[in-house]
Amino acid sequence: LFPPLDVGFGLGHLFNAVIQRFRPARAVGIEPSVHAFDVARSVIRPPKGCRLKLLCMTVEEWCARPRRPASFDLTLCTSVLQYLDDDTLAHVLPVLAARTRFVYLTVPTDVEARRMLADYNFADAYARHRTRSEYRAHIDPHFTIIGNRLLESRAFYDETSSPFSELLYRSDN
């Protein structure tokens, strides 16, 4: 099995829970914020036998590094894509698809951003507010949606080779 990757692990709570639950031999996390990176280093505790590599860099910098395909079985990408401009997103997604089999993805659409503002008075001045269609236009060429927040890389699987057999629920075009 390939190790998990967390792209933008923030304070590290989700990444820590994943590596504690699945106990991989290796795990890699990247986080561009120096503050969050420093906090997460005290939160993320690899289980015995897990070689953990934490990198303070952007997803763009990570994508620019040479790698062999299929380096990761699972990539966590929670609340990251809204901070990337369209050109960067167009560059990052095919690299992620080439390097990971599955992605756990969360990203707020414009509707959710408006709801957060109305319900919680939370406005993120740095986030881009894309529509569902805009995100899907970026994601669909590289990934198939196979479940709630779960994407499968098109670089490795299609409906004949996927271990997920409920084809009715896939987002294949």
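Residues numbered from 1 in each chain as written. Predicted model: local features only at pLDDT ≥ 70, side-chain atom pairs only at ≥ 80, totals over all residues. Heavy atoms only, no water.

Caption draft 1: Region of interest: the layout of surface pockets. Roughly 440 Å³ of internal volume is contained in the largest pocket. In this structure, the largest pocket is lined by 16 residues; those nearest its centre are Leu105, Val107, Thr109, Ile145 and Arg149. For the lining of the largest pocket, the secondary structure elements donating two or more residues are β5 (100–106), α6 (132–139), β6 (143–147) and β7 (150–153). In terms of residue count, the dominant contributor to the lining of the largest pocket is α6 (four residues). Taken together, the residues that form the lining of the largest pocket break down as eight nonpolar, four polar and four charged. By volume, the second largest pocket amounts to about 340 Å³. Glu31, Pro32, Ser79, Val80 and Tyr83 are, among the 15 residues lining the second largest pocket, the residues nearest its centre. Residues of the lining of the second largest pocket, tallied by class, amount to seven nonpolar, six polar and two charged. (1 Å grid on protein atoms, 1.4 Å probe; cavity = no way out; pocket = protein on both sides within 12 Å on 5 of 7 lines; lining within 4 Å. Points joined across faces, edges and corners; volume = space filled by probe spheres on them. Helix = DSSP H or I, 4+ residues; strand = E, 2+ residues; numbered from the N terminus. Nonpolar A, V, L, I, M, F, W, Y, C, P; charged D, E, K, R; others polar.)

Caption draft 2: How the structure looks around the sheet that holds strand β1 (residues 4–7). One open sheet accounts for seven strands, arranged β3-β2-β1-β4-β5-β7-β6; its pairing is mixed. The two strands at the open ends of the sheet, each matched to only one other strand, are β3 (51–55) and β6. Each strand of the sheet is rotated relative to its neighbour by a mean of 20°, with strand direction disregarded. For strand β4 (residues 72–78) and β5, the ladder comprises six bridges, and the chain directions are parallel. Bridge pairing links Leu74 to Phe102 in β5. Packing of helix α4 (residues 86–99) onto the sheet brings it into contact with β1, β4, β5, β6 and β7, and relative to β5 it is tilted by some 130°. (Pairing = 2+ DSSP bridges. Axes fitted to C-alpha atoms, helices over the stretch in contact; angles between N-to-C directions. Contact = heavy atoms within 4.5 Å.)

Caption draft 3: Seen up close, the side chain of His138. In this fold, His138 is placed in helix α6. Taking relative accessible area as the criterion, His138 reaches 18% and is therefore assigned buried. Reaching out from His138, the side chain makes a polar contact with the side chain of Asp86 at a distance of 3.5 Å. When near neighbours in sequence (up to four residues on either side) are disregarded, His138 contacts Asp86, Leu89, Ala90, Leu93 and Arg130. (Buried < 20%, exposed > 50% of the residue type's maximum accessible area, 1.4 Å probe, protein only. Polar contact = N/O pair within 3.5 Å; in protein donor to acceptor, adjacent residues only side chain to side chain.)

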